[in-house]
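An overview of the molecular structure
If you want the building blocks of each chain, they are given just below.
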Amino acid sequence: MPFVERMPPDSETGLRVTANPLMLSMVASVYEIRAGVDMPETVAALYESASEAMLARGGVVSAEMRTLLEATLFEAHAARARVITEMELNRAALAVFGAEGVVAELEQQFQDPFSRFEGRAEKGHYVEVLKEGKWKGRRGVISQDKKGYNPYKVKLSDGTETDWLCPEELASSGMDEAACLAQIAAQMLPAFRRAFEALPSQAREVVGAVRGRVAQDRLPLLSLLQVEPLQMQSSHLSFQEYYAARAICSGAYRLPKGSPPPWQWPAFWANAVRLGSDMGEGFGRGLLRTAGLQTTLDLKGKKLGGDRPTSVAAVCQLMRGLTSIDLSENQLGPEDATVLGQGIAASGSLASIDISKNNLGDEGKRAIAKAIPSSVLQSFECDALNLQADTTSLDL
């Protein structure tokens, strides 16, 4: 079946998702259901058909339950969690049924552990970077401690590593990452429970219905792992990725405090971005709102991080709603330029871009130049190129 060859790789195994028997069965079922009709044109459309078929097996699912399911899987993915707990479910319920901004307000009220530890930071501690610049506010684990003037390097959540930092340039939790995150969740959960209990009864009934359907194995996209404390997970990670992308399209949710922005996303987000690109312009515009952005983005000076193919693909999606972006001094190469060229051509809003002081090479510059006639750019800056909107030819 040629369609199978277009399926994305599994984020956990690296194999095509159809190597999993459940996913292969899903594709085969959709093929049978659509007998005599062409298969969906995109992988995202395939997941839409498959998820609808799976939900139908458990009976009628209300619109409110569908929205809550989407929000819950987004919250889990934003937390890079495979196991969904009461925290993700409560966050989703508040995002869907609560007052606008209530989740962010609860996050702001919480005093994180980085302000309470007074001892010396050590290798293995989970920390927050305080130094002004591209790493400020990012969290990660101390990977090196040479006990000198600038003793620390920090491995950030996206896998990148900082330069050497002095003690005043980071705040330590005094714990490893797992212990710190567990403590944060335990301390935040009571406040989220109280906020959840304050929701209208109809909203709480929807959450109760979801929990009940999962417990009865009547919501096939979720599997129950444990009743108390609640633990469940999507039937396959790719469904979580699909619903996370759908949630981003809505623009109704925000990335949690402390999570990396899209231009620093790890490979964990790769399939969600790929599925989102299948969903069209709505994903890019929704991603702007999800990341809390307006219409301009300044990434000058190595602010592009994480898994490079994933972060560049995410930036291309952001371009669908941006009017201006500065990507100068980010060590972009020819392959990055090819992808960015596609993003430039696809954007109906991007008027200005700066990709100077990178390592594009002639190949990369040609890829960008080829995209310009199809774009709405009015200003474009690149090494050896400084073009205006009426440019019709390039001398490279």
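Definitions and limits used
- Residues numbered from 1 in each chain as written.
- Predicted model: local features only at pLDDT ≥ 70, side-chain atom pairs only at ≥ 80, totals over all residues.
- Heavy atoms only, no water.
- pLDDT = per-residue confidence, 0-100.
- Helix = DSSP H or I, 4+ residues; strand = E, 2+ residues; numbered from the N terminus.
- Contact = heavy atoms within 4.5 Å.
- Phe/Tyr/Trp six-rings, centres within 6.5 Å; stacked < 30°, edge-to-face > 60°.
- Buried < 20%, exposed > 50% of the residue type's maximum accessible area, 1.4 Å probe, protein only.
- Lys NZ or Arg CZ within 6 Å of the ring centre and 35° of its normal.
- Arc of directions from axis to C-beta.
- Expected span 1.5 Å × (residues − 1).
- Core = buried A, V, L, I, M, F, W, Y, C linked by side-chain atoms within 4.5 Å.
- Polar contact = N/O pair within 3.5 Å; in protein donor to acceptor, adjacent residues only side chain to side chain.
- Salt bridge = Lys/Arg side-chain N within 4 Å of Asp/Glu carboxyl O.
- Pairing = 2+ DSSP bridges.

Here we take up the confidence of the model for the protein. Should the pLDDT be low somewhere, the predicted coordinates at that spot are not to be read in detail. Looking at the protein, the pLDDT average stands at 87 and 86% of residues meet or exceed 70. For the protein, the element scoring lowest by mean pLDDT is strand β12 (residues 385–388), at 48; strand β9 (residues 324–326) scores highest, at 97. Every residue in residues 386–396 scores below 50 in pLDDT, and together they form 15 contacts with partners more than four places removed in sequence or on other chains.

A few words on the packing of aromatic side chains. The description of an aromatic ring pair uses the distance of the two centres, along with the angle that the planes make with each other. Overall, the coordinates contain 6 aromatic pairs when judged by the stated rule. Between the aromatic rings of Phe114 and Tyr126, the centroid separation amounts to 5.8 Å while the plane-to-plane angle is 45 degrees, which identifies the pairing as tilted. Linking Phe114 in the loop between α5 (102–109) and β2 (126–129) with Tyr126 in strand β2, this pair joins segments that are 12 residues apart in sequence. Each member of the pair, Phe114 as well as Tyr126, is classed as buried. Through a chain of ring-to-ring contacts, the aromatic side chains of Tyr47, Phe239, Tyr242 and Tyr243 assemble into a single cluster. Directly above the ring of Trp164 sits Lys146, whose terminal nitrogen or CZ lies 4.4 Å from the centroid.

Here Gly305 shows up in the loop between β8 (296–298) and α11 (308–318). Overall, the relative accessible area of 11% leaves Gly305 in the buried class. The spatial distance from the C-alpha of Gly305 to the C-alpha of Pro261 is 9.5 Å, given a sequence separation of 44 residues. Setting aside residues no more than four positions away along its own chain, Gly305 makes contact with Asp158, Thr160, Trp263, Gln264, Trp265 and Ser311.

Moving on, we get to α5. Turning to α5, its buried residues are Val102, Val103, Leu106 and Glu107. Here the buried residues of α5 occupy an arc of 140 degrees about the axis, which is enough to place them on one side. Seen from the open side of α5, the exposed residues pointing more than 90 degrees away from its buried face are Gln108 and Gln109. Tucked into the core, α5 has its buried residues touching α4 (86–97) and α6 (177–197).

With 16 residues, helix α3 (residues 63–78) ought to run about 22 Å at 1.5 Å a step, and its terminal C-alpha atoms sit 23 Å apart, in line with that. The buried count for α3 comes to 12 of 16 residues, which makes it a mostly enclosed element. By the burial criterion, the buried members of α3 are Met65, Leu68, Leu69, Glu70, Ala71, Thr72, Leu73, Phe74, Glu75, Ala76, His77 and Ala78. One or two residues past the end of α3 sits Arg80, with phi positive at roughly 55 degrees.

The next subject is the nonpolar core. Residues Trp269, Val315, Leu327, Leu340, Ile353 and Ile355 are the most contacted members of the largest nonpolar core, which totals 92 residues. If one sorts the elements of this core by residue count, α3 sits on top with 8 residues. Other than its neighbours up to four places away in sequence, Ile353 contacts Met319, Ile325, Leu327, Ile344, Leu377, Ser379, Phe380 and Glu381. Membership of the second largest hydrophobic core comes to 10 residues, among which are Val129, Val154, Leu156 and Leu170.

Here we take up the side chain of Glu107. Positionally, Glu107 belongs in helix α5. Within the local environment of Glu107, its side chain forms a polar contact with the backbone nitrogen of Lys257, the two atoms lying 3.2 Å apart.

Turning our eyes to something else, we now look at the pattern of salt bridges. Per the stated rule, a full pass over the model turns up 13 salt bridges. In this structure, Glu228 and Arg211 form a salt bridge, with 3.5 Å as the shortest nitrogen-oxygen distance. With Glu228 in the loop between β6 (222–226) and β7 (231–234) and Arg211 in helix α7 (residues 201–215), the pair connects residues that are 17 residues apart, well separated along the chain. Overall, the relative accessible area of 59% leaves Glu228 in the exposed class. On the accessibility criterion, Arg211 (29% relative accessible area) is partly exposed. One continuous salt-bridge network, built from bridges that share partners, spans Glu75, Arg91 and Glu107.

The next thing to look at is the pairing of β2. Residues Tyr126 and Glu128 point to one face of β2 and Val127 and Val129 to the other, with burial holding for every one of them. As paired strands, β2 and strand β5 (residues 170–172) are joined by 3 bridges and run antiparallel to one another. Across the sheet, Val127 pairs through a bridge with Ser172, a residue of β5.

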